[in-house]
Amino acid sequence: MTTIVNPQNATRAATRKTLLGTGIGNAVEWYDWAIYATFTPFIASQLFSKADPASAVLATLAIFAVGFVARPVGGFLFGWIGDRVGRKTSMTLAVGLASLGSLMIGVAPSFAAVGVWASLTLLLARLVQGLAHGGELPSSQTYLSEVAPKEKRGLWATLIYTSGTVGILVGTLLGAVLNMTLSTDAMNDWGWRVPFLVGAVMGLYALIMRSKLHESEAFEGESTSEKRAPIWPQIVRHRKQALQVVGLTVGLTVIYYIWGVVAPSYAATVLKIDRGETLWASVVANIVFIAALPVWGKLSDRIGRKKVLWAGAAGAAVMHFPMTWLLKDSAWQLAVAMSVMLIFIAASAAIVPAVYAELFPTSIRTIGVGVPYSICVAVFGGTAPYLQTWLGGIGLANAFNLYAVVLLIVSALFVFTIPETKGKDLTH
């Protein structure tokens, strides 16, 4: 019989186990996507033809976007498992699959050795990771929201982006160290593979940790008939909430990938800022981001979710163009611009895991969030790096920036369509 965990009465050790088990798997997902963006130039040179370097980079970014195509499928598959079998099972399977994808990239043969099969191996690995990552976030954020004390759910929800950003920092720091200690030839030959092999090991550890977690009280409290009720009719009944997930996500996913993931690589490849310096600028900005998350989370538990969501979307929309203009030719400009944007991005990022969970009933909480969220991230977040590079290359960089701001305004407007969910009981 599964033991039910009640975080309000749990020991500190049990709470730490819950947070670590949830957080480390989420960190692995973000680590995977960050190192792919960071090491794009090396992947392009090794797994694609060197005849046209520019096309190789674009092809590598295109596969970055293709990986997102599998996310909605993963959101549905792991969402179904989470709502039928259990949140713990879904989380454990997702992180195991993500680890496999990292391993495939780490050991992929080079283009020089096997030709186009190298590129196809990369494509398959990204599809595997996309499938896993499509289920990771909705499963982990649903679990975390359900086990959190309702009066601290906003604060607990910040673990999702905090652990994710730690994953990004680990990948970024590893990239900086490798760039400093290895020659260009060594990096091209084998150095770029190291982060992916490390990711595979991290994923294995996360799998072990998650296998030891307890199931959430909300899921265990459901009757057998509720767990077996047809899912599709329930999704149709909650289509408004699904649309709200898309609306709240669309601005956040694009602006986060611009400033939180791709900015260092963009600064190095397009603005020609030293690659090592851009990585350290990213470290500084992400530390600022981590510091801002619990502040916004605590504030939402006090004043409500809607005010915090609106402040984040509106603030990011106002500051995007000024910070873009600031970023020209220096690493300090990158550090400042990223930090300012990530402070506003943190407002939404801190609490959307709680908000999403609070919108849906227990019976479809994982799949109800997972499918619309994954579709939105695939369509908008997954294409953001490619669009930014392509439009910038044909002299339409401002068109992309305007696109990002418009999506932020859309998210700000959607805030007014949701109810205030602070303190909601998730056991019903």
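All residue numbers refer to position in the chain's written sequence, counted from 1. The model is predicted, so local features are restricted to residues of pLDDT at least 70 and side-chain atom pairs to those at 80 or more, both for listing and for counting; the totals for chains, interfaces and linings are taken over all residues. Only hydrogens and water are set aside when side-chain values are computed; all heavy atoms of the structure are taken into account.

**Some points on the overall build of the protein**
For the purposes of this entry, the term helix denotes a DSSP run of H or I that reaches at least four residues, the term strand denotes a run of E that reaches at least two, and both are numbered from the N terminus. The helix and strand tally for the protein stands at 19 helices and two strands. Here the C-alpha radius of gyration of the protein, 21 Å, is about what a compact globule of 428 residues would show, namely 22 Å. Expressed along its principal axes, the backbone C-alpha trace of the protein runs to roughly 60 × 45 × 40 Å. The contact definition used throughout considers only heavy atoms, calling two residues in contact when any of these lie within 4.5 Å. Sequence-distant contacts in the protein: of pairs separated by 6 or more residues, those separated by 24 or more amount to 87%. Within the structure as shown, the protein displays about 16400 Å² of accessible surface, and the carbon and sulfur contribution to it stands at 70%. For the protein, the separation between the mean place of its 31 positive charges and that of its 21 negative charges on side chains is 5 Å. Each radius of gyration reported is based on C-alpha atoms, and the globular scaling rule is 2.2 Å times the count of residues to the power 0.38. Accessible surface area values rest on a Shrake-Rupley calculation with a 1.4 Å probe, where residue burial reflects the displayed protein chains alone. Two residue types count as positive, namely Lys and Arg, and two as negative, namely Asp and Glu; His and chain ends fall outside the count. Note that the charge is assigned to NZ on lysines, CZ on arginines, CG on aspartates and CD on glutamates.

**Notes on unusual backbone geometry**
The bulk of non-glycine residues show a negative phi, and the bulk of peptide bonds are trans. One non-glycine residue with positive phi stands out, namely Lys272, at about 65°. Tracing the backbone shows Lys272 in the loop between α13 (239-269) and α14 (275-303). Relative accessibility decides the category of a residue: with a 1.4 Å probe and only protein chains considered, values under 20% of the type maximum give buried, values over 50% give exposed, and everything between is partly exposed. By relative accessible area, Lys272 is classed as exposed at 65%.

**Observations concerning the packing of helix α15 (residues 305-326) against helix α16 (residues 331-359)**
Orientation of α15 relative to α16, taken along the N-to-C sense of each, is 155°, at an axis distance of 9 Å. Overall, the two elements α15 and α16 adopt an arrangement that is roughly antiparallel. As for the relative orientation of α15 and α16, their crossing is left-handed in sense. When residues are grouped by polarity, Ala, Val, Leu, Ile, Met, Phe, Trp, Tyr, Cys and Pro land in nonpolar, Asp, Glu, Lys and Arg in charged, and all others, Gly among them, in polar. The class makeup of the residues in the contact of α15 with α16 is 19 nonpolar, five polar and two charged. Fitted lines through C-alpha atoms serve as axes, helices being fitted only where they are in contact, and the angles separating the N-to-C directions of these axes extend from 0 to 180 degrees. Working definition: roughly parallel below 35 degrees, roughly antiparallel above 145 degrees, roughly perpendicular at 65 to 115 degrees, and oblique for all remaining angles. The crossing is said to be left-handed when, going from far helix to near helix, the turn is anticlockwise and less than a right angle, and right-handed when the turn is clockwise.

**Re empty space enclosed by the protein**
Buriedness of a pocket was judged along seven lines, with at least five required to meet protein on both sides within 12 Å; pockets are open sets of points on a 1 Å grid over the protein atoms alone, cavities are sets where a 1.4 Å probe fits but cannot get out, and lining residues have an atom within 4 Å of a point. Grid points are joined across faces, edges and corners, and a volume is the space filled by probe spheres set on the points. Scanning the entire structure with this criterion turns up five cavities of 30 Å³ or more. If you add up the space inside the largest cavity, you get close to 210 Å³. Lining the largest cavity are 16 residues, and of these Trp30, Tyr161, Tyr256, Tyr257 and Tyr373 lie nearest its centre. Mapped onto the lining of the largest cavity, the elements with two or more residues apiece are α1 (12-38), α7 (153-181), α13 and α17 (365-381). The element contributing the most residues to the lining of the largest cavity is α13, with six residues.

**Some thoughts on the layout of surface pockets**
Roughly 350 Å³ of internal volume is contained in the largest pocket. Lining the largest pocket are 17 residues, and of these Val57, Leu61, Thr269, Val270 and Thr389 lie nearest its centre. Among the elements of the structure, α2 (40-47), α3 (53-84), α13 and α18 (384-393) are those that each provide at least two residues to the lining of the largest pocket. A breakdown of the residues in the lining of the largest pocket according to their chemical character gives nine nonpolar, seven polar and one charged.

**Notes on helix α9 (residues 194-210)**
For α9, which comprises 17 residues, the first-to-last C-alpha distance of 24 Å matches the rise-based estimate of 24 Å (1.5 Å per residue) to within 8%. Regarding α9, the residues found buried are Pro195, Phe196, Gly199, Ala200, Met202, Gly203, Ala206, Met209 and Arg210. Here, expected helix span is obtained from the residue count minus one, scaled by 1.5 Å.

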